Amino acid sequence: IVPATARESFERLLAKPQGIWEKTKNGQRVSAARRDFYCPVQLLAPLGRNEIAYGYDLYSEPLRRAAIEEAMHSGLPALSKPLSIVQDSYETQNSFLVVAPVYKDKNGKELKGFAVLVLKMSTLLKSLDLDSAVNIDLNMIHEDGSPDILATSWDSTVKNSSMLSSTHYILV
């Protein structure tokens, strides 16, 4: 967490031209709007194409902010609603963030920031060692009962009636 009063010094340490940034509604990178504090991405693993996320203010976007606030208030890891991660601007994939609070002290009273795990649903399903004759659809069921497909383990443009199919639901 970077308080507004420490933003300038943090951006000097970050040594990235964009500093703390956010995305506009049309996806452009802009300097983060003024607020009381920021939750910029500071450490990444693995690097590579994830490096684009350095300085991104997770608190600037409503779905990420909701997970951060839940983790902040509960003191427990929180799961975001499905979202697209900033590193995948070339490929839209349903992902979730698991946001866990990190404290400066052992008593859990002074919040330092958050550890964030990215779960990319399609990547996760495709990494499973599945029999090629088995199809898995991972769906999310909304409160109103309507489903959304999060990921499939198969190419949805090709139907093969000889394959077994299984649908799994995640209630959120």
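A few points on the structure.

About the cut-offs
Residues numbered from 1 in each chain as written. Predicted model: local features only at pLDDT ≥ 70, side-chain atom pairs only at ≥ 80, totals over all residues. Heavy atoms only, no water. Helix = DSSP H or I, 4+ residues; strand = E, 2+ residues; numbered from the N terminus. Buried < 20%, exposed > 50% of the residue type's maximum accessible area, 1.4 Å probe, protein only. Areas by Shrake-Rupley, 256 points an atom, 1.4 Å probe, with all protein chains shown as cover. Pairing = 2+ DSSP bridges. Phe/Tyr/Trp six-rings, centres within 6.5 Å; stacked < 30°, edge-to-face > 60°. Lys NZ or Arg CZ within 6 Å of the ring centre and 35° of its normal. Polar contact = N/O pair within 3.5 Å; in protein donor to acceptor, adjacent residues only side chain to side chain. Contact = heavy atoms within 4.5 Å. Axes fitted to C-alpha atoms, helices over the stretch in contact; angles between N-to-C directions.

### A closer look at the overall build of the chain
No. 1: Helix and strand counts for the chain come out as three helices and ten strands.
No. 2: Taken across its 172 residues, the chain has 34% of its residues classed as buried.
No. 3: Carbon and sulfur atoms form 54% of the exposed surface of the chain, whose accessible area is close to 10,800 Å².

### Looking at the pairing of strand β6 (residues 95-103)
No. 1: Here strand β5 (residues 78-79) runs beside β6; their pairing, made up of two bridges, is antiparallel. Looking at β6, one finds that Ala78 is bridged to Val99.
No. 2: In the sheet, β6 pairs with strand β7 (residues 111-120) via nine bridges, with the strands oriented antiparallel. Across the sheet, residue Pro101 finds its bridge partner in β7, namely Phe114.

### Quick look at the packing of aromatic side chains
No. 1: Evaluated as defined, the whole model comprises two aromatic pairs.
No. 2: When the centroid spacing of 4.9 Å and the interplanar angle of 55° are considered together, the rings of Trp21 and Tyr56 count as tilted. Here Trp21 is found in strand β2 (residues 21-23), whereas its partner Tyr56 is found in the loop between β4 (37-38) and α2 (62-74), with 35 residues between them in sequence. Here Trp21 and Tyr56 have matching classes, each one buried.
No. 3: Centroid distance Phe37 to Tyr59: 4.7 Å. Interplanar angle 45°. Geometry classified as tilted. You can see Phe37 sitting in strand β4 and its partner Tyr59 sitting in the loop between β4 and α2, a full 22 residues away along the chain.
No. 4: Classification of Phe37 by relative accessible area gives partly exposed; the value is 21%.
No. 5: Its end group placed over the ring of Trp21, Arg29 keeps NZ or CZ at 3.8 Å from the ring centre.

### Comments concerning the side chain of Glu22
No. 1: If you trace the backbone, Glu22 turns up in strand β2.
No. 2: A polar contact is formed between the side chain of Glu22 and the side chain of Arg35, at a distance of 2.7 Å.
No. 3: Once residues lying within four places of it in the same chain are set aside, the contact partners of Glu22 are Gln28, Arg29, Val30, Ser31, Ala32, Ala33, Arg35, Tyr56 and Ser60.

### Some remarks on the sheet that holds β6
Within a sheet, adjacent strands bond to each other through the backbone by hydrogen bonds, running parallel or antiparallel.
No. 1: Spatially, three strands are ordered β5-β6-β7 in an open sheet, and the strand pairing comes out antiparallel. The two strands at the open ends of the sheet, each matched to only one other strand, are β5 and β7.
No. 2: Relative to the sheet, α2 contacts β5, β6 and β7, its axis offset from that of β6 by approximately 35°.

### Quick word on the environment of Glu11
No. 1: Residue placement: Glu11 occurs in helix α1 (residues 7-14).
No. 2: With a relative accessible area of 22%, Glu11 lands in the partly exposed category.
No. 3: Excluding its chain neighbours within four sequence positions, the residues that come into contact with Glu11 are Gly19 and Ile20.
No. 4: A polar contact is formed between the side chain of Glu11 and the backbone nitrogen of Ile20, at a distance of 2.8 Å.

By themselves these figures say nothing about function.
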